[in-house]
Amino acid sequence: MIYIAHRGASGHAPENTLLSVKTALSMGACWIEVDVFLVEDEVIVIHDRWLERTTNGSGDVTQKPLAYIRSLDAGKGEKIPTLKEVIDMVAGKAGINIELKGPNTAGPVATLLTHYLETHRLRKDNVIISSFDHQQLLKMKSLAPNLSTGANIYGLPLHNAKFAEALGVSSIHAHTNFINRAFVNDAHDRGFKVFAFTVNQPEELMRMKTLGVDGIFTNYPEIGRTALKQE
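I will try to describe carefully the structure that is included in this document. (Residues numbered from 1 in each chain as written. Predicted model: local features only at pLDDT ≥ 70, side-chain atom pairs only at ≥ 80, totals over all residues. Heavy atoms only, no water.)

Our focus in this paragraph is the pairing of strand E6 (residues 148-153). Across the six residues that make up E6, a large majority, five, are buried. This β-α-β element, strand E5 (residues 127-131) to helix H5 (residues 134-143) to E6, shows right-handed connectivity. Across four bridges, the pairing between E6 and strand E7 (residues 171-175) is parallel. Counted as the bridge partner of Ile153 is Ala174 from E7. (Buried < 20%, exposed > 50% of the residue type's maximum accessible area, 1.4 Å probe, protein only. Helix = DSSP H or I, 4+ residues; strand = E, 2+ residues; numbered from the N terminus. Right-handed = clockwise from strand over helix to strand, strands pointing away. Pairing = 2+ DSSP bridges.)

The biggest cluster of nonpolar side chains holds 32 residues, and the ones touching the most others in it are Ile32, Leu83, Ile87, Ile96, Ile98, Val109 and Leu113. Only helix H1 (18-26), strand E2 (31-39), strand E3 (42-45), helix H3 (83-90), strand E4 (95-100), helix H4 (106-118) and E5 provide two or more residues apiece to this core. At six residues, H4 tops the list of elements feeding residues into this core. Setting aside its immediate chain neighbours within four residues, Leu83 contacts Val34, Val36, Val43, Ile44, Val45, Ile96, Ile98, Val109 and Leu112. (Core = buried A, V, L, I, M, F, W, Y, C linked by side-chain atoms within 4.5 Å. Contact = heavy atoms within 4.5 Å.)

It is worth spelling out empty space enclosed by the protein at this point. Counted according to the given criterion, the structure contains one cavity of 30 Å³ or more. Its volume calculated, the largest cavity comes out at about 40 Å³. (1 Å grid on protein atoms, 1.4 Å probe; cavity = no way out; pocket = protein on both sides within 12 Å on 5 of 7 lines; lining within 4 Å. Points joined across faces, edges and corners; volume = space filled by probe spheres on them.)

The final tally for this structure, using the stated rule, is 13 salt bridges. For Arg7, the salt bridge is made with Glu15, and the minimal N-O distance between the two is 3.0 Å. Each member of the pair, Arg7 as well as Glu15, carries the same accessibility label: buried. Across the salt bridge formed by Arg53 and Asp48, the nearest N and O atoms sit 2.7 Å from each other. Look at Asp48 and you get buried, because its relative accessible area is 16%. Overlapping salt bridges bring together Arg7, Glu15, Asp35, Asp48 and Arg53 as one network. (Salt bridge = Lys/Arg side-chain N within 4 Å of Asp/Glu carboxyl O.)

Moving on, we get to the environment of His120. Residue placement: His120 occurs in the loop between H4 and E5. Along the primary structure His120 and Ala91 are separated by 29 residues, whereas in three dimensions their C-alpha atoms are 9.7 Å apart.

The next subject is H4. The first and last C-alpha atoms of H4 sit 18 Å apart over 13 residues, in line with the 18 Å expected at 1.5 Å per residue. Those residues of H4 lying buried are Ala106, Gly107, Val109, Ala110, Leu112, Leu113 and Tyr116. In this fold, the buried residues of H4 make contact with E2, E3, H3, E4, E5 and H5. Positive phi appears at His120, one or two residues downstream of H4, with a value of about 65°. (Expected span 1.5 Å × (residues − 1).)

The values are spatial; any link to function lies outside them.
As structure tokens, this is what we get:
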């Protein structure tokens, strides 16, 4: 099972910030997950379309100038980082799962990742692109077919993992509330890995292990050690 630091070590530092990523790395996280939007021509790292929850700004992130976005406090004096800044921090130290949150992010992210891959600063097996917007995943596969993609879902599809076959993804990322043994087995039979979000309690981690999931997203990268102590 792999442990993916959800928005960095967001249980310890402001989510989706360089401090959160740095904290996750310092705690030994092997994978980091971040969310991205496109503002002007820059891919920025933030989860919500609206700025109010995670920053001292307000309004729709996609409608604001980049200079305004970069001037905001995202918690503890941290700025909203660019994806470039996050990759520079993570490259060579951990894998990165980039979730396409905002519209029209597949193209710019593919271009950016292609540069990092061609300059050997990233390896393709250390990158996963995920999204709830499955059309963006299809676009990503057309632009960067060698990169792994993951289909995010909330709920349990009627025919378990069958939907993912048309997407060409490597993994399915599902909410813990809807994961059961039949779904995991069906996904594995079809060649997909299953990653569960968001697992923050040792008891829930043990349940996911029992179900056979391949990885979890967690706000607390130390959860594996905590679970071992409770066993």
